[in-house]
Amino acid sequence: MMIDPFERAITYVRVSVTDRCDFRCVYCMAENMTFLPKKELLSLEELDRLCTAFVDLGVRKIRLTGGEPLVRRNIMSLFESLSRHLRSGGLEELTLTTNGSQLERYAEALFGYGVRRVNISLDTLDRAKFEAITRWGKYDKVMAGIAAATQARLDVKINMVALKGVNDAEFDRMIAWCGAEGFDLTLIETMPLGDIDGDRTEQYLPLSLVRAHLARSWTLTDLPDRTGGPARYVRIEETGGRLGFITPMTHNFCESCNRVRVTCTGKMYMCLGQEDEADLCTPLRASEADERLKQAIMEGIGRKPKGHDFVIDRRHNRPAVKRHMSVTGG
Ligand code: SAM
């Protein structure tokens, strides 16, 4: 078991399998991004070894993310190989976060490899806005991807980043749509991660305000559900659906943090909002046995900080950390 200095058990790892993405969401990336040279990436075999070391150390849940995980070449072979840990019971859950653009192609196979739930990022149901937010995204393709996920019997959770003046008039519509489709919905506050082209101050919308506003039109019942993660859930009585709020800005949820993140170059970040990292690539490549790798993981966990402190306002309009969410893994 991995226990950090604040007595938190680390049972969840998010692995960014690529920093590349086929979208350029305005709050996430600049349009003109420089990505890592492909030769710096861990191979899929190395990613498997890394994930397996975490499973040996007590991790019960792995989420592949990015960048867009499904644009990494041959990514299905990683899902396939990791599925052995589901069959052996070493892992409880293997899942992914995706923008949905490739799900038409992969949803069936994902189910076949034991994936049961998928988080799909969708900030709007309005085609023109979707194209404006994602810059490069194709709305019909994502909608077809979501349909394919349902068809493949994957449970879908929609992630929607709340953006002032962009999609804040659409929460009711999204709640109704998710309710009708049987999807959970999670609203997320925009976080100051990496340089983007615009100014985040303009877009930041505290979810405390959103919740108060929603409570005028919907009956929200607090749910005790804790997925070990940062979301706090309510049931929307009118639709029967679940709505989560992820509030890294207005409410710090670090006391129950059970996770670490690993980049596609093998850096482990013990906190999304802090700079400290542990190099896992060197010990991974230094030996075919996993002892040094596991030792490096344990040393990193031993430095996991208590939490982060994000601020977005006019005096702090620079990113809290330089790396984009697509690097650390969202
Ligand atoms: N490409 C996949 C996707 O679109 O879901 C996975 C990676 S993406 C970086 C993961 C999640 O991070 C998405 O839901 C995205 O909306 C969110 N995200 C990106 N930048 C963010 C930011 N600055 N603040 C809050 N959420 C952000």
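Residues numbered from 1 in each chain as written. Predicted model: local features only at pLDDT ≥ 70, side-chain atom pairs only at ≥ 80, totals over all residues. Heavy atoms only, no water.

**Q** Teacher, can you tell me more about the sheet that holds strand 2 (residues 61–65) here?
**A** Hydrogen bonding along the main chain pairs the strands of a sheet, whether they run parallel or antiparallel. If you trace the 12 strands from one edge of the open sheet to the other, you get 7-8-9-6-5-4-3-2-1-10-11-12, paired in mixed fashion. Strands at the two margins of the open sheet, each flanked by one partner only, are strand 7 (220–222) and strand 12 (277–279). Looking at each pair of strands side by side, their axes are set apart by 25° on average, direction ignored. Here four bridges tie strand 2 to strand 3 (residues 93–98), and the two strands are oriented parallel to one another. (Pairing = 2+ DSSP bridges. Helix = DSSP H or I, 4+ residues; strand = E, 2+ residues; numbered from the N terminus. Axes fitted to C-alpha atoms, helices over the stretch in contact; angles between N-to-C directions.)

**Q** It is not clear to me how the packing of helix 1 (residues 44–56) against helix 10 (residues 291–301) should be interpreted in this structure. Could you clarify?
**A** In a packed pair of helices, the relevant descriptors are the angle between the two axes and the axis-to-axis distance. Two elements in contact, helix 1 and helix 10, have axes separated by 10 Å at closest approach and are oriented at 65°. Crossing geometry of helix 1 relative to helix 10 is assigned as right-handed. When helix 1 is examined against helix 10, the residues Arg49, Leu50, Ala53, Phe54 and Asp56 are found in contact with a partner set consisting of Leu293, Lys294 and Ile297. Per-class residue counts for the contact of helix 1 with helix 10 are five nonpolar, no polar and three charged. (Left-handed = near helix turned anticlockwise from the far one by under 90°. Contact = heavy atoms within 4.5 Å. Nonpolar A, V, L, I, M, F, W, Y, C, P; charged D, E, K, R; others polar.)

**Q** Explain the nonpolar core here, please?
**A** Inside soluble globular proteins, nonpolar side chains tend to come together where they are buried. Judged by nonpolar contacts, the single largest core of 96 residues is most densely connected at Phe54, Phe79, Ile158, Leu187, Met268 and Ile297. Among the elements that make up this core, the one with the highest residue count is helix 1 (seven residues). If sequence neighbours within four positions are ignored, Phe79 has contacts with Leu64, Leu70, Leu94, Thr95, Leu96, Leu110, Tyr113 and Val115. Counting seven residues, the second largest nonpolar core, distinct from the first, contains Met191, Met249, Phe310 and Val321. (Core = buried A, V, L, I, M, F, W, Y, C linked by side-chain atoms within 4.5 Å. Buried < 20%, exposed > 50% of the residue type's maximum accessible area, 1.4 Å probe, protein only.)

**Q** Before we go on, may I ask you to explain the packing of helix 6 (residues 171–181) against helix 8 (residues 207–217) in this structure?
**A** Look at helix 6 against helix 8: their axes get within 11 Å of each other, and the N-to-C directions meet at 65°. As for how helix 6 packs across helix 8, the hand of that crossing is right-handed. Across from Phe171, Asp172 and Ile175 in helix 6, the residues of helix 8 making contact are Val210, Leu214 and Ser217. Residue classes in the contact of helix 6 with helix 8 are distributed as four nonpolar, one polar and one charged.

**Q** Before we go on, may I ask you to explain the side chain of Thr265 in this structure?
**A** Its place among the elements puts Thr265 in the loop between strand 10 (259–262) and strand 11 (267–269). Here Thr263 takes part through its side chain, which lies 3.0 Å from a polar atom of the side chain of Thr265. Apart from the residues lying within four places of it in its own chain, the contact partners of Thr265 are Leu36, Glu40, Leu42 and Cys281. (Polar contact = N/O pair within 3.5 Å; in protein donor to acceptor, adjacent residues only side chain to side chain.)

**Q** Could you clarify how one ought to interpret the layout of surface pockets in this entry?
**A** Rolled over the atoms, a probe sized like a water molecule indicates the empty space that remains. Taken as a whole, the largest pocket spans an internal volume of roughly 340 Å³. Along its surface, the largest pocket is lined by 17 residues, and Tyr269, Lys322, Arg323, His324 and Val327 are the ones closest to its centre. Contributing elements (two or more residues each) for the lining of the largest pocket: strand 11 and helix 11 (325–328). Of the residues assigned to the lining of the largest pocket, the class counts are five nonpolar, five polar and seven charged. (1 Å grid on protein atoms, 1.4 Å probe; cavity = no way out; pocket = protein on both sides within 12 Å on 5 of 7 lines; lining within 4 Å. Points joined across faces, edges and corners; volume = space filled by probe spheres on them.)

**Q** Got a minute to help me understand helix 2 (residues 75–88) in this structure?
**A** Quick reminder: α-helices carry 3.6 residues per turn. Residues three or four places apart thus point the same way. Within helix 2, the full set of buried residues consists of Ile75, Met76, Leu78, Phe79, Leu82, Ser83, His85 and Leu86. Buried residues along helix 2 sit in contact with helix 1, strand 2, strand 3 and helix 3 (103–112). Where helix 2 ends, the next residue or the one after it, Gly89, has phi of about 85°, a positive value.

**Q** Sorry, what's going on with the site of the ligand here?
**A** Among the 18 residues in the neighbourhood of the ligand, the closest are listed as Tyr27, Gly67, Glu68, Ser121 and Met191. Separating an oxygen atom of the ligand from a side-chain N or O atom of Tyr27 is a distance of 2.7 Å. Here a nitrogen atom of the ligand sits 2.8 Å away from a polar atom, N or O, in the main chain of Met191. Surface burial for the ligand is 95%, taken as the share of its 540 Å² of free accessible area covered by protein chains. For the shell around the ligand, the secondary-structure elements that each account for two or more residues are strand 3 and strand 5 (155–162). Tallied by class, residues from the shell around the ligand come to five nonpolar, 10 polar and three charged. (Near = heavy atom within 4 Å. Areas by Shrake-Rupley, 256 points an atom, 1.4 Å probe, with all protein chains shown as cover.)

Purely geometric numbers; function is a separate question.
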